[in-house]
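# A closer look at the structure
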Amino acid sequence: MSDPNPCLDCGLCCVHFRVSFYWGEADDGPEGFVPAGMTEKLGHHLRCMKGTNQTPRRCSALAGQPGERVACTIYENRPTPCREFPSHLEDGMPNPKCDELRAANGLRALFPLAPSLCAA
Ligand code: SF4
Ligand code: SF4
């Protein structure tokens, strides 16, 4: 039986992308929510998650071992790009980028949609 949340043994998007976002999302701004100490400045209007603007890349908020067991330590306060990158079937559709990243790192493909769930 598959893990109901494939992200928990993956985390590859958190070590692959530069996670940049509008600076006001950081919690040292009046309406921010992302822990500012886990971000770094990126130009005048942007910040990124620490660790994602370098190689090797790894978001400072990621706990665990990618490809084995991981967790986002700021899940409730993660920035917009993380919220907008859907995990497999989160929005009812597969995210092909997940399987691309997983294949490149030797992880099994996620389960495809059952035919009955595919749009006609
Ligand atoms: S690459 Fe996809 S499956 Fe892996 S952690 Fe990111 S969203 Fe989840
Ligand atoms: S904030 Fe969380 S979800 Fe976003 S890249 Fe970092 S560990 Fe991953």
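Structure: above.
Residues numbered from 1 in each chain as written. Chains lettered and ligands numbered in written order. Predicted model: local features only at pLDDT ≥ 70, side-chain atom pairs only at ≥ 80, totals over all residues. Heavy atoms only, no water.

Scanning all chains against the criterion turns up 2 aromatic pairs. When the ring centre of tyrosine 75 is taken as reference, the NZ or CZ atom of arginine 78 above it lies at 3.9 Å. (Phe/Tyr/Trp six-rings, centres within 6.5 Å; stacked < 30°, edge-to-face > 60°. Lys NZ or Arg CZ within 6 Å of the ring centre and 35° of its normal.)

For the rest of this paragraph, the subject is the site of ligand 1. Around ligand 1, a shell composed of Cys7, Cys10, Gly11, Cys13, Phe85, Ser87, Cys98 and Leu101 is seen. Of the residues that constitute the shell around ligand 1, the class distribution is 6 nonpolar, 2 polar and no charged. (Near = heavy atom within 4 Å. Nonpolar A, V, L, I, M, F, W, Y, C, P; charged D, E, K, R; others polar.)

On to the nonpolar core, then. Core analysis: the biggest nonpolar cluster contains 7 residues, these being Val19, Phe21, Val34, Met49, Cys59, Ala61 and Ile74. With sequence-adjacent residues up to four places away left out, methionine 49 is seen in contact with Val19, Phe21, Val34, Met38, Thr39, Cys59, Ser60, Ala61, Ile74 and Pro79. (Core = buried A, V, L, I, M, F, W, Y, C linked by side-chain atoms within 4.5 Å. Buried < 20%, exposed > 50% of the residue type's maximum accessible area, 1.4 Å probe, protein only. Contact = heavy atoms within 4.5 Å.)

The immediate surroundings of ligand 2 are formed by Cys14, Val19, Cys59, Ala61, Leu62, Cys72, Ile74, Pro79 and Cys82. Under a 2 Å grid-point criterion requiring more than half of the atoms, the pocket assigned to ligand 2 is the largest pocket. For the shell around ligand 2, a count of residues per class yields 9 nonpolar, no polar and no charged. (1 Å grid on protein atoms, 1.4 Å probe; cavity = no way out; pocket = protein on both sides within 12 Å on 5 of 7 lines; lining within 4 Å. Sits in = over half its atoms within 2 Å of the grid points.)

Along a regular strand, successive side chains alternate from one face of the sheet to the other. As paired strands, strand S4 (residues 62–65) and strand S5 (residues 69–72) are joined by 4 bridges and run antiparallel to one another. Note that in S5 the partner of glutamine 65 across the bridge is arginine 69. What sits between S4 and S5 in their antiparallel hairpin is a turn of 3 residues, with glycine 67 showing a positive phi close to 85°. (Pairing = 2+ DSSP bridges. Helix = DSSP H or I, 4+ residues; strand = E, 2+ residues; numbered from the N terminus.)

To continue, consider the sheet that holds strand S1 (residues 20–22). Taken together, 3 strands build an open sheet; the order of strands is S1-S3-S2 and the sheet is antiparallel. This sheet does not close on itself; its edge strands, each paired only once, are S1 and strand S2 (39–42). Here the strands of the sheet are splayed against their neighbours by 40° on average, with no regard to which way each runs. As paired elements, S2 and strand S3 (residues 46–49) share 4 bridges and run antiparallel to each other. (Axes fitted to C-alpha atoms, helices over the stretch in contact; angles between N-to-C directions.)

According to the stated counting rule, one finds 3 salt bridges in the structure shown. Residue aspartate 28 pairs with arginine 47 through a salt bridge whose shortest N-O separation is 2.9 Å. Pair noted here: aspartate 28 is in the loop between S1 and S2 and arginine 47 is in strand S3, with a separation of 19 residues, a long-range link. (Salt bridge = Lys/Arg side-chain N within 4 Å of Asp/Glu carboxyl O.)

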